[in-house]
Amino acid sequence: MYLYLGGDTVIKTEEITGIFDMDTSTVNKATRDYLSNAEKNKRLIYVNYELPKSFVVCNDKIYVCPFNTATLLKRSK
């Protein structure tokens, strides 16, 4: 099955490792460092440039998207 993340981005649900809320998870410095490192290594992909609400960790990339985690979870079912 596929999950629409916004913009022109669709990913396979089998590739998803986790879906995380941007507001609650980026409070931790380790998460901010993880996202910063992913951006430096060109693994971080911004789906569009609206206000990011969540990020989706996949096998080889991390997608920052404007949808709430609850919305993404409903779409993945």
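Look up: the structure comes first, before these words.
About the criteria used
Residues numbered from 1 in each chain as written. Predicted model: local features only at pLDDT ≥ 70, side-chain atom pairs only at ≥ 80, totals over all residues. Heavy atoms only, no water. Phe/Tyr/Trp six-rings, centres within 6.5 Å; stacked < 30°, edge-to-face > 60°. Helix = DSSP H or I, 4+ residues; strand = E, 2+ residues; numbered from the N terminus. Buried < 20%, exposed > 50% of the residue type's maximum accessible area, 1.4 Å probe, protein only. Lys NZ or Arg CZ within 6 Å of the ring centre and 35° of its normal. Disulfide = S-S within 2.5 Å.

Draft legend 1. Layout of the packing of aromatic side chains. Taken as a whole and assessed by the stated rule, the structure comprises three aromatic pairs. With centroids separated by 6.2 Å and ring planes inclined at 50°, the aromatic side chains of Y4 and F67 adopt a geometry described as tilted. Of this pair, Y4 sits in strand β1 (residues 2–6) while F67 sits in the loop between β6 (62–65) and α3 (69–76), and the two are 63 residues apart along the sequence. Ring centres of F20 and F55 lie 5.3 Å apart, and the angle between their planes is 25°; on these two criteria the pair is classed as stacked. With a gap of 35 residues between them, F20 in strand β3 (residues 16–21) and F55 in strand β5 (residues 54–58) connect regions that are remote in the sequence. Residue F20 is classed as partly exposed on the basis of its relative accessible area, which comes to 36%. The class of F55 is buried, set by a relative accessible area of 2%. Here R75 stacks its cationic end above the ring of F67, 4.2 Å away from the centre of that ring.

Draft legend 2. The state of the cysteines, seen in detail. Tallied over the full model, the rule gives zero disulfides. Looking at C58, it has no disulfide partner, and the nearest cysteine sulfur is the one in C65, 9.9 Å off. For C58, a relative accessible area of 2% puts it in the buried group. When its relative accessible area of 1% is taken as the criterion, C65 is described as buried.

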